[in-house]
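Understanding the architecture of this molecule
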Amino acid sequence: MTAFSADRSYAEAIDATDQLAPFRDRFVRHDFDLIYLNGNSLGPLPVRTQARIAEVVDQEWGVGLVRSWDKWIQLPRQAGDMLGEHVLGAGDGQVLVCDSVTVNLYKLAHAALGAQPGRDVIITDDDNFPTDRYVLEGVAAERNCELRLLHTDMDAGVDEKALLDALDERTALVSLSHVAYRSGALSDMPKLTQAAHSRGALMLWDLCHSAGSVPVELDDAGADLAIGCTYKYVCAGPGSPAFLYVRNELQHRLRQPIWGWFGQRDQFAMGPHYDPAPGLDSFMTGTPNIIGTVAVEEGARLIGEAGIEQLRAKSMALTSFLIALCNEWLAPLGFAVATPRDPARRGGHVTLRHDDAEQICAALTRASVIADYRAPDRIRLSPAPLTTSFTEVWEAIGQLRDITADKSYADIQTEESDVG
Ligand SMILES: Cc1ncc(COP(=O)(O)O)c(C=O)c1O
């Protein structure tokens, strides 16, 4: 690759050699002028997912009716194994697709505390995603434990030394996000997991912003537990089911708190008392969302086809290009990069800080560039390696420059409504 230039021709030259460019056609597109940089909130719709959902609805539901449960019943584990193989670095039988991230966090955090008698502290960080902090606060209150919040710099991510200082023999569980939702800062999973283990704590990772965007190696990192969503980089659609990971050796030690019939040993015996199924199945709760789960399978299959290492390489190149354009065009206009500049220390999105971020972000949407705003003054931009070209990044940052330079955002009244 030649040295960076802010000319459009530079972006076009990289696009011309991009091996992943053909994957653009694997996604549904309606508006060819739209630049979508918000896959970190909701991934776009793969063509094959659209077809597979239509088939499940028409044939499996429409024709097969209740008989289709014979094949559907396997799906949470089947989709979990596919995610394990292509996305999470987890061997078979450790990942389930079920429930929401919030519910899975509750199940796993509760179960982890139950498996750590004599320990009564949970550690997380004060910039972790709100649902993580709230659920952990609730679990701590329910189990009469202390929730220890590490102070975290909003842009730099979790401070390893702060974690080491906070760990002690009372710590039952450490729960952190692998990629910070606001800044995109990427934590060192093996190192922090090892730090938790060194004091006898279990380690639980929230992979919402890393699953499908950075290679995750749960087994190799020695992680105990993990949760994550599939509606961002796995492209399984709004409200698609989440996943959970429980390391093999822990599956028989942990008992999750939601005693539902899908976690029951002999489910259709309809017995009088709860008797959990052995192993991973006990982490199921109620009837799984089948349409969402087939979309997870398709998303995992697509990532497997492209290869997570190739996706990561292009993602780092896209975010580096974006940051280089920011340095050139946006820094003089009051923007600051609020994401680690070392590509190895960030996930799939770049966050920019500006005093008028909320209005500018709304003006970007008006100009057909979809990004998102996060309080207090941040814009998140997520160029997706499967669908975003370097030329689109060039155009989007050019729009950002022009909107800010001529203050064409000044008329905009804002009202926050984004999720994720
Ligand atoms: C890091 C993180 N955790 C959890 C969630 C949300 O969990 P749920 O799918 O239960 O709403 C999000 C949503 O964007 C997230 O970014």
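Residues numbered from 1 in each chain as written. Predicted model: local features only at pLDDT ≥ 70, side-chain atom pairs only at ≥ 80, totals over all residues. Heavy atoms only, no water.

**Here we look at a nonpolar patch on the surface**
A surface patch of nonpolar side chains, amounting to about 410 Å² of accessible area, comprises Trp61, Leu65, Val66 and Ile291. Tracing the chain through its elements places Ile291 in helix 10 (residues 290-306). Classification of Ile291 by relative accessible area gives partly exposed; the value is 32%. (Patch = residues over 30% accessible without salt bridge, like charges linked within 9 Å, V, L, I, M, F, W, Y side chains within 5 Å. Areas by Shrake-Rupley, 256 points an atom, 1.4 Å probe, with all protein chains shown as cover. Salt bridge = Lys/Arg side-chain N within 4 Å of Asp/Glu carboxyl O. Helix = DSSP H or I, 4+ residues; strand = E, 2+ residues; numbered from the N terminus. Buried < 20%, exposed > 50% of the residue type's maximum accessible area, 1.4 Å probe, protein only.)

**Here's the deal with the packing of helix 4 (residues 75-88) against helix 10**
The interhelical angle for the contact between helix 4 and helix 10, taken along N-to-C directions, is 20°, at an axis separation of 9 Å. By the angle between their directions, the pair helix 4 and helix 10 is classed as roughly parallel. When the axes of helix 4 and helix 10 are compared, the crossing they make is left-handed. Between helix 4 and helix 10, the contacting residues are Leu75, Pro76, Gln78, Ala79, Met82, Leu83, His86 and Val87 on the first element and Ile290, Thr293, Val294, Val296, Glu297, Ala300, Arg301, Ile303 and Gly304 on the second. Residue composition of the contact of helix 4 with helix 10, grouped by class: eleven nonpolar, four polar and two charged. (Axes fitted to C-alpha atoms, helices over the stretch in contact; angles between N-to-C directions. Parallel < 35°, antiparallel > 145°, perpendicular 65-115°, else oblique. Left-handed = near helix turned anticlockwise from the far one by under 90°. Contact = heavy atoms within 4.5 Å. Nonpolar A, V, L, I, M, F, W, Y, C, P; charged D, E, K, R; others polar.)

**Digging into the nonpolar core**
One finds Leu83, Leu88, Val174, Trp205, Leu207 and Leu218 to be the most contacted residues of the largest nonpolar core, which totals 51 residues. Per-element tally for this core: the top contributor is helix 10, with six residues. Split by domain, this core shows at least three residues from each of two domains, domain 1 (8-45 + 308-405) and domain 2 (73-305). With near-sequence residues (within four places) excluded, Val174 lies in contact with Ile123, Leu163, Leu167, Ala196, Ala201, Leu202, Met203 and Leu204. Core analysis: the second largest hydrophobic core is formed by 37 residues, Leu318, Trp329, Leu330 and Tyr373 among them. (Core = buried A, V, L, I, M, F, W, Y, C linked by side-chain atoms within 4.5 Å. Domains from an automatic or database assignment.)

**A short note on the sheet that holds strand 12 (residues 372-374)**
Pairing in this open sheet of four strands is antiparallel, and the strands run 9-10-13-12 from one edge to the other. Looking along the sheet, the strands with just one partner apiece sit at the ends: strand 9 (336-337) and strand 12. Relative to strand 13 (residues 378-381), strand 12 is paired through three bridges, and the arrangement is antiparallel. Its bridge partner lying in strand 13, Asp372 is registered against Arg380. Lying over the sheet, helix 11 (residues 308-330) contacts strand 9, strand 10 (350-353) and strand 13, oriented at roughly 15° with respect to strand 10. (Pairing = 2+ DSSP bridges.)

**Quick word on the sheet that holds strand 7 (residues 225-228)**
Across the sheet, which stays open at both edges, the seven strands sit in the order 2-8-7-6-5-3-4 with mixed pairing between neighbours. The sheet terminates laterally at strand 2 (95-97) and strand 4 (146-150), the two strands that pair on one side only. Taken pair by pair, the neighbouring strands of this sheet meet at an average axis angle of 15°, ignoring direction. The sheet contact formed by strand 5 (residues 171-177) and strand 6 (residues 202-206) spans five bridges and is parallel. In the strand pairing of strand 6, Leu176 is matched with Trp205. Sitting on the sheet, helix 4 is in contact with strand 2 and strand 8 (243-246), with an inclination near 120° to strand 2. The sheet strands contacting helix 8 (residues 189-198) are strand 5 and strand 6, and the helix crosses strand 6 at an angle near 150°.

**Comments concerning the packing of aromatic side chains**
For the structure shown, the criterion picks out eleven aromatic pairs. Ring centres of Trp69 and Trp72 lie 5.3 Å apart, and the angle between their planes is 85°; this geometry places the pair in the edge-to-face category. A residue pair is termed a helical-turn pair when its members lie 3 or 4 positions apart in one helix, as Trp69 and Trp72 do in helix 3 (residues 69-72) at three residues. By relative accessible area, which is 24% here, Trp69 ends up partly exposed. Ring geometry for Phe321 against Phe390: centres 5.9 Å apart, planes inclined by 55°, an arrangement best described as tilted. Here Phe390 lies in helix 13 (residues 390-405) and Phe321 lies in helix 11, a separation of 69 residues in the sequence. Take Phe321 and Phe390: they sit in the same class, and that class is buried. One aromatic cluster in this structure is built from Trp69, Trp72, Trp261, Phe262 and Phe268. The ring of Trp329 carries Arg401 above its face, with NZ or CZ at 4.2 Å from the centroid. (Phe/Tyr/Trp six-rings, centres within 6.5 Å; stacked < 30°, edge-to-face > 60°. Lys NZ or Arg CZ within 6 Å of the ring centre and 35° of its normal.)

**A few points about the domain arrangement of the protein**
The domains assigned to the protein are domain 1 (8-45 + 308-405) and domain 2 (73-305). Computed from C-alpha coordinates alone, the two centres of domain 1 and domain 2 are separated by 29 Å. Counting residues at the interface gives 31 residues for domain 1 and 26 residues for domain 2. Here domain 1 packs against domain 2, burying approximately 2,400 Å² in sum over the two surfaces, 55% of which is carbon and sulfur. When the buried area of domain 1 at its contact with domain 2 is split by residue, Ile308, Arg345 and His349 rank highest and sum to 21% of it. The tally of links from domain 1 across to domain 2 stands at three salt bridges. Notably, a salt bridge pairs Glu305 with Arg26, separated by 2.9 Å at the nearest N-O pair. One can count 17 residue pairs in polar contact (both at pLDDT 80 or more) joining domain 1 with domain 2. (Buried area = accessible area lost by both parts, 1.4 Å probe. Polar contact = N/O pair within 3.5 Å; in protein donor to acceptor, adjacent residues only side chain to side chain.)

**A few points about the pairing of strand 6**
With respect to burial, strand 6 is a largely interior element, five of its five residues being buried. Every second residue of strand 6 is oriented toward a common face, with Leu202, Leu204 and Asp206 on one face and Met203 and Trp205 on the other, all of them buried. Crossover strand 5 to strand 6 through helix 8 is right-handed. (Right-handed = clockwise from strand over helix to strand, strands pointing away.)

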